[in-house]
Every structure is written in structure tokens, then in C-alpha cells.
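A structural walkthrough
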Amino acid sequence: MEITTKEMEAHSNSISDIKVDASFRKIPKNAICFHVWKIDEDRLEAEPKSQYGIFIDDCAYIIYAASPVGGYVNQHTITREVKSSSTLERFIHFWLGENVSEQKRSNVAHKIQELDSYFSNTATEYRETQANESPRFLSYFKAGITVKSGLLLNSPDVNRLYQLYGRHFLRCFEMKSISWEHFGADHIMFLNTAQQFYVWIGRSSSNIERRNAIELAYTHRVNSEDIMIVDDGYEQSMPEKQKREWNSFLPLNQRVVCQSSSMIEKTICNKMKIYKCCYRNNRLHLDQLDVVIPTKDDLNDSSTVFVLDGIAQGVWLWVGNQAPQQEKTGALGNGRAFVKKKKYPYNTPVIRVTEGHEPMEFMRLFPSWHSDSGDSQFSLKPSPTVLGKFDSLTLCQRPKMAADTQLIDDGTGERKIFRIVKDQVIEVTANKPALFVNTSSYVVQYSVVCNSMNTSDSESVGVKQVIFQWNGVEASADVTSKAEKFAQNLFENVTQKNMFVQMNEFDETPHFLQLFEGKLIILHTEKKVFLQTNKSTTNNNINVLQNMQKTDHFILKIFGDATYNAKAIEVLPLNNLNSKDCYVVQSEHVWVWCGQSSTGDAREMAKKVGSVLGENSLVMENKEPREFWLSVGNLMSQTLIVNGLNNCNSAASNGSTSSGLSPQGITNGSLSGIATASGSMQYLQTTHKSRWQAQLFLVWTQRGKFFSQEIMGYEQSDLSPESVYILDAGILTYVWLGKYATASEKEKYLSLAQHYLETVPMARRPNSAVAIIRQHDEPNIFKGFFDGWNYKHWQNYVNYINKRQIMAAVSTDMETPLTNGCNGSNICFNAKLPPALLNNQKDFDRHQKYPITVLQQEIEFLPPEINPLKREVHLTHDDFVSLFHMSFWEFDDLPAWKQQELKKKHKLF
């Protein structure tokens, strides 16, 4: 691909010695801070802190944020200098209003070059556009952002209309005119007049948006009695005084509300394309690399720039630290040129990062970034620092440690194990070693251990039981479905505080494996196995399939080197004995084979598995006795390869036999015999699964489509009881169910998790482990991801429904009510509950609304989503009352014959 200069956004690439603006030079280079500047014509103006979060749509802004690595700042951050040896992450955002002029865009491009050069071109640069801001940008403004209209800045008219939306970060946009054309069912509207402040609630808006909008309304008006709540379709229910004023601005006879407002939908694409920039004949060319899953090694040239095309996730430009100065300063311009060349939308995010200063958002585009870097900071803690030194009580008392290790306790609690096979649920004896068959599913009901009488320790653990569902890789859909229903029934009906964890073979969580002390055996088919119970150790957590004196023969490969990450999986067929691994052979005798390069910890885990199968012999690579090779030879139908090479001399010296067949080659220690799990084997080769910094997402569905919004720099206060969130910890994906989330969201929690895993813009397997937790039942392994978890945080939380009830109750004693439908209205039959809330209990306002004339048409002319027998639910409340002289709440309580008679009378049947 070739990029021309005409396609590049204006940047002063030719300036070799950039003069830095005096406003920028005031910033200490070694300081944690947050600053905002506005580009007004050709001037750079520092914004006062009181104006942070308020923007004008015909201006451009520059935001500079500096924080400790992995930390976050926001609009309330106080500047504080740190030692020069401290490492800071620097971010420069330039925000463009939708009506910004070309001159201002050019000016801001020059200014960010000055600011970037002041920090030696080490900052990450973001191009932000109005209504399409990045998660990091939004994280600076926890209370949301307000965008004012530049056309109305000097207007003498004080009346204003605002459009609001945003489930977590509320966006408030000032409209250029007061008109019904701006109203949408998904939105909330503010009508601010000299006399009254109206909050119009769109029927398709979420409860958290409504609650936040009401809170924001209080900041606009000192006198809360001036605030009036108006529900979508209930405008006629306003008191006469307010209705007259509303009509003077928004005539009700001209009422038109868009029923499905246009929502920003990002194209889901988990594939990342990488291009290398190079100049040929003084022209910039982009050469695409042949990449399936991007790795850090793909960015192998520090003297140039790479373009990473994530489509809706943004266009990233990685600049090598040895790249020419003009490449560093002109990267964003080249990025914009790339967007134009690809004909992507104008608001496509463009981000520039520099080598050695990559932010978390960039690193997680590469699933193995930390593994490639050898960064142990993002790996599970090794066994000796956890269970060798700490017990369940320590994990109870230290949620941060529990989150780091993903261990709720030490796994010694009581458990019940159920096997789901075909149409049966069989409880398995839980006092013997655990043996799973991968054609089945298993449900484990585990009681958490907390050896403390202290109430605070029990609160810290958070749960009394964990319901695990494990699906074998060969289990049928019917089996997994039956297991899911059985596990969900336990989860939803157990009275104790609990959580539900669903996982598949190869995605076992550390705590699940800890239940079996690393001795979980997974077979491909059901076999006759004689398992020993070691009386010297506690084995009441072990499950045995059969207890027979004559056993089938098989070979197990040991994965992991600690009780919380180890398991034994049957290998079929075995073509390779890798020097880095350990194996257990079950024949007439039990053999534990350890490769020369295997670790001592892995050998110990192999010996534990061997002891489960009975008396065993330990053999080391190149020291195998003749009997061992005979046992292996009887199991194999082809030549055994040791370390990938035909070790004939070694085999012959030990008296081994060979069938003489040519084996299939195996590379990197992987096992080619497990075709159904080949995609998982690469993960299993590493003892410690690397993971990135946990991410928090608000998730929801609307009109059948899944949406998510990332919340960076999250805190406990970011979890709203009226929503559902996903905390992606890599090893485990948590679904947090708010107490006041909708019934639909609470019922479809697994579906939300599956949608997230399928759409997350990273190389992730869609069957990763998922944990379901409820508000107030959070386990320590979840709470540990939040600094300073407060158990009483939601004690005084008032949800939207209760807030409306309170306002309605107050309205009965006021001359001017706070909400429509009360205080003398002929349809407010319950002063403590507005009609909109009563109707919503019967889902009246969740249906698409149409004019009366449309609903009275013949069946063939009705819109397709309308049920001809239920036309009345598609009326607005005001239209319903005008026809039936009662609310839908009252109508729905009438006998069916009476309802049908009324509908016929009004041509709605």
C-alpha cells in the first residue's frame, strides 16, 4: 500500500527544532499530573480545573496525563513531583469537536508535536473525536463529559435542550435548537428553562442512565424543587402549568420520538493486520506482514514504524526508538492517511506508541507479550510462596494474594462430585482419587474453608460454596447442556453465599485443580483402573471411576509443577517422550518417567500421580530398565521417539523393542495424538499461564445486540448495582450481577459471558473459564482486584426505582410536583408510584410505540414486529389513556372478555 502526502493530516514534519509553547514548559517533567488546554483560533489556553470535562463542539483540546506505570490519573489529580529515577507513563490526547475548523485541527497537530518533543517523544498519543472517545480518555472524567454548542455560547436565550446517553460515562450534549427531532427513545433529555428543569426519560434508556441523569440534574439546579421528571409517552400527565410551558417549547401535537436511536456499533474483528512502513523512491509504502496471531517478535525493526490495523479497535502506530525524528513526529499524520486510504470512518481511533513505552491497551493486543518479555509480574505466583508458606486463613485475610494466585482457599474443604453422562446424573464417591473421562461433564459442589472465627475474615472470603462445572473436550452438547442446567440449579437454589464456575478441559482454574492436589487424571475413554488411596494423606476429595484388580493400560502426561496447576492427561497415541516433561505409564506395573530437563517440582507432581495408581518405579531418561521399554512397547503401535529423535541405541541398550513403523513427527513437545485439543496444547506447555492486567467491562444487550464498554482505572465505585459487569482476569472471566440488574440480564449471565469472549478484540478462546458472582457475594479472588474493597459501600445505595418513588412521595406534599402523573392528575391513582413505573412492571414501555392510526390498520399493513392480538401495548401511555380512559396497569387487570370488547371498540383487534 502506498501513502501520498495529500492523504496525510497536517503535521510539521519538516521542523527539526520545535519550539515548545510556554504553557507546556511549566509542566514538571517528573510529575504525576493532569492538564487540559483548549485551542481557540491560534491560541493555546490552559483550562481551569472547574471546566475539566466540559468541551465546546467547535474547538480542539489537548489533554496530558502522567501516571506511575500501571496507574491512573483523572481530572481531580493533584500535581506531585516524583524522583527522577521513577518511571512514568505519559499520554497525550487531542480531542476534536464535531464542528472544529480545519485551521484548529492543524493548530492542534502542531501543538501536540511541541508537547511530545518536550517529553522526548516518549508519550502515547491518541486522536479523539466527539462521541467516540477512547476508554482511557473517558476514565479521566468519572462523572461524564458535557459538550456545549459553540453557536450558543453568546446567545442571549437562556433556554437549552440537552441530549444525554451513556451507561457508565454519561455524555451530555447541548443541542443547537429545541426541537422534537433530537428526541430518541434511547436517550434522556434535559429541557432547561428559566422556570423549570425538565428531565425527559426515554423509554428505552437504562435505569443506570436515568439515575445518573437525575443526579446530574441536581448539579444544574440549586433548587431541587425546580426539577420535573417527564416520562416518554406520559407528557400529557404533567401538571397543567408545566404542560403549558413544555408546549411553548415542544408542542405535544408535533411530538415525534425516534424509536430506535442510531447507536455506535463497532465492527467485531479479532484479527489484527500488521504493516511495516518503508520508503521507496521517496514515497511511503506499507508492506503487510504474514501474521495470524500477532507477537512481540513481529515488531522486529527499531528503525522504522509498524501500523497495526484493528479496524474498530483503532489504528495503532508503533514507532521504533531508532526511527528518524520525522517518523516519530509524523506517525499520527501517516495513521490518518492510512485511515483515509482504507476508507474507514472519520472517527476511527488513531494511536501512536513508542518502543519501550507501550501502554497496557497496546500490549494486550499481543496475547503473549509478557511471556515474550519474560515479565513474571503478570504470571501466577510459584507454589512455594503460596501453599508452602500460606494457608486458607492467610488467603482469607489477604484478598490481594487470593486474586494474584486465584486461590480461594487451600482446597481441603468438603466436596460432592456428580458425573453427567448421557441422561444420567451420578454422584461419585468423593473419598478416592479423581479420575475424569473427557466424554462426560462433571459438577463439583465445594465448601470453602476459612479457619477463623473472625467475622471479618469470613466476609473477606465472601462465599461459602463454589459450584464447578467441568466439560470434557469430547462431551456431547446434550451432556454439557444437562450439566449446565444441573450446576445452575445448584447455584440458584443453594441458600449459602456461593459462586458458579464453568470451565472446559484445558481451561481448569487454579482453585479447581487445587481441590485435587494436582492429582486429577483425565482419560479419553472409560477404563478399568485400580486406584490406591494413600492413608497417610487426606484424599477425601478424590473420585474413582472403577475399582478393579485388572486394569487397562495407558500413558499419562503430567502438565504443571504445583498442586494448583497440575493434572495428568492421557496421551493417545504417544509418539514422543520429551526431555522437559514427565509421564506416568500404567501397565502391569506403574512407571514414572522423568525427562532429563524436567524440573524437580514437575517430578514431584508425577510421583504423586504415580502413587495414586499404585506401587510405582521412578525411571530417569537414559536410565530406563528393559522392563520399562517392554511396557511402553506393548502400549505403542509404532516406534517411540525420545526427544524428537529415534533413540535406537538407547532403546537397544535397554533391551527395548520396536515395531519399526515410522512415527509422526512432533515439534516443541506437543502431542499430535490429541486432535480435538490441539489448539489448547500450546497453552499447556507453559507451567504458569501469563496474564495481563485485569480489565473491567460494563456489558448489556439492546434490541438483541451485545454491547460492552471498558472501564479503565476501575474502582469498586464503578460497579453499579443496576448493571452487569465482566472482569476479565485472563485465567478467569468474572460476570458480576448487580442486585438491581434486569431480570433478563440475571437469567442470561452465561450468554453475556459467551458474547464477550466471542467479541473481545484479543486472541482469546471462546470457551475460557467463566465465573458468575452476585453483588454482596463476591469471593476474595474477585475483591482482590479492587484496592480497598469496602463491604458497606452499597449500604445506602438508592436505585432508580426507589429514587422515583421517593420523588413521587415528596410530590404529594408540594405545590409543584417533581414527577409527572402525580398531584391531582386523573391517572395518578397511586401517589407513591408514578404510572410509568406501574406500567413498567408489566413491560408496557418495552414495546415499540406507534401512532394510533398505524395500529388501527388492517393486519397486512401492520409493521412486522406487531402482534395483531396485542396492538394496545404499542400505544404510548398518553394515547392509551386518550382511548381507554385508564392506564395499561388498570386495563391489564380487567377480565379478558372486557379487554377484547374495548379493543374492538377502538379498532385494535
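The following refers to the structure shown. (Residues numbered from 1 in each chain as written. Predicted model: local features only at pLDDT ≥ 70, side-chain atom pairs only at ≥ 80, totals over all residues. Heavy atoms only, no water.)

In this section: the overall build of the protein. Broken down by element type, the protein carries 27 helices and 38 strands. Counting only residues that meet the buried cut, the protein has 57% of its 909 residues in that class. Pairs at least 24 residues apart make up 69% of the contacts formed inside the protein by residues separated by at least 6 positions. Total accessible area on the protein is roughly 39,000 Å²; 48% of this is exposed by carbon and sulfur atoms. (Helix = DSSP H or I, 4+ residues; strand = E, 2+ residues; numbered from the N terminus. Buried < 20%, exposed > 50% of the residue type's maximum accessible area, 1.4 Å probe, protein only. Contact = heavy atoms within 4.5 Å. Areas by Shrake-Rupley, 256 points an atom, 1.4 Å probe, with all protein chains shown as cover.)

This brings us to the sheet that holds strand S36 (residues 724-728). Spatially, ten strands are ordered S21-S20-S23-S24-S25-S38-S37-S36-S34-S35 in an open sheet, and the strand pairing comes out mixed. At either margin of the open sheet sits one strand with a lone partner, and together these are strand S21 (424-428) and strand S35 (705-711). Across the sheet, the axes of successive neighbouring strands diverge by a mean angle of 20°, strand direction being ignored. Pairing of strand S20 (residues 415-421) with strand S23 (residues 441-447) involves six bridges; the strand directions are antiparallel. Opposite Arg419, over in S23, you have Tyr442 as the bridge partner. Docked against the sheet, helix H13 (residues 477-493) engages S20, S21, S23, strand S24 (465-471), strand S25 (498-504) and strand S38 (770-774), running at close to 175° with respect to S24. (Pairing = 2+ DSSP bridges. Axes fitted to C-alpha atoms, helices over the stretch in contact; angles between N-to-C directions.)

Now for the pairing of strand S11 (residues 171-174). Residues of S11 alternate between two faces, with Arg171 and Phe173 on one and Cys172 and Glu174 on the opposite face, all of them buried. By the bridge criterion, three bridges tie strand S9 (residues 145-148) to S11 in an arrangement that is parallel. Within the sheet, the bridge partner assigned to Ile145 lies in S11 and is Arg171. As defined by bridge partners, strand S10 (residues 160-165) adjoins S11 across four bridges and the pair is classed as antiparallel.

Here the focus is the sheet that holds strand S4 (residues 54-56). Strand order in the open sheet formed by seven strands is S4-S9-S11-S10-S12-S13-S14, and the pairing between neighbours is mixed. The outermost strands of the open sheet, each flanked by one partner alone, are S4 and strand S14 (227-231). Neighbouring strand axes in the sheet, compared pairwise and without regard to direction, differ in orientation by 20° on average. Bridge count for S10 against strand S12 (residues 188-192) is five bridges, and the pairing is antiparallel. The residue bridging Leu164 from the neighbouring strand is Ile188, located in S12. Most of the contacts of helix H4 (residues 207-220) go to S12, to which it runs at about 15°, and overall it touches S10, S11, S12, strand S13 (197-201) and S14. Sheet strands in contact with helix H5 (residues 240-249) are S12, S13 and S14, and its direction is about 80° off that of S13.

Within the fold, Gln196 resides in the loop between S12 and S13. On the accessibility criterion, Gln196 (6% relative accessible area) is buried. Here the side chain of Gln196 touches Asp226 through a polar contact of 2.7 Å, landing on its backbone oxygen. A distance of 3.5 Å separates polar atoms of two side chains, one belonging to Gln196 and the other to Gln242. (Polar contact = N/O pair within 3.5 Å; in protein donor to acceptor, adjacent residues only side chain to side chain.)

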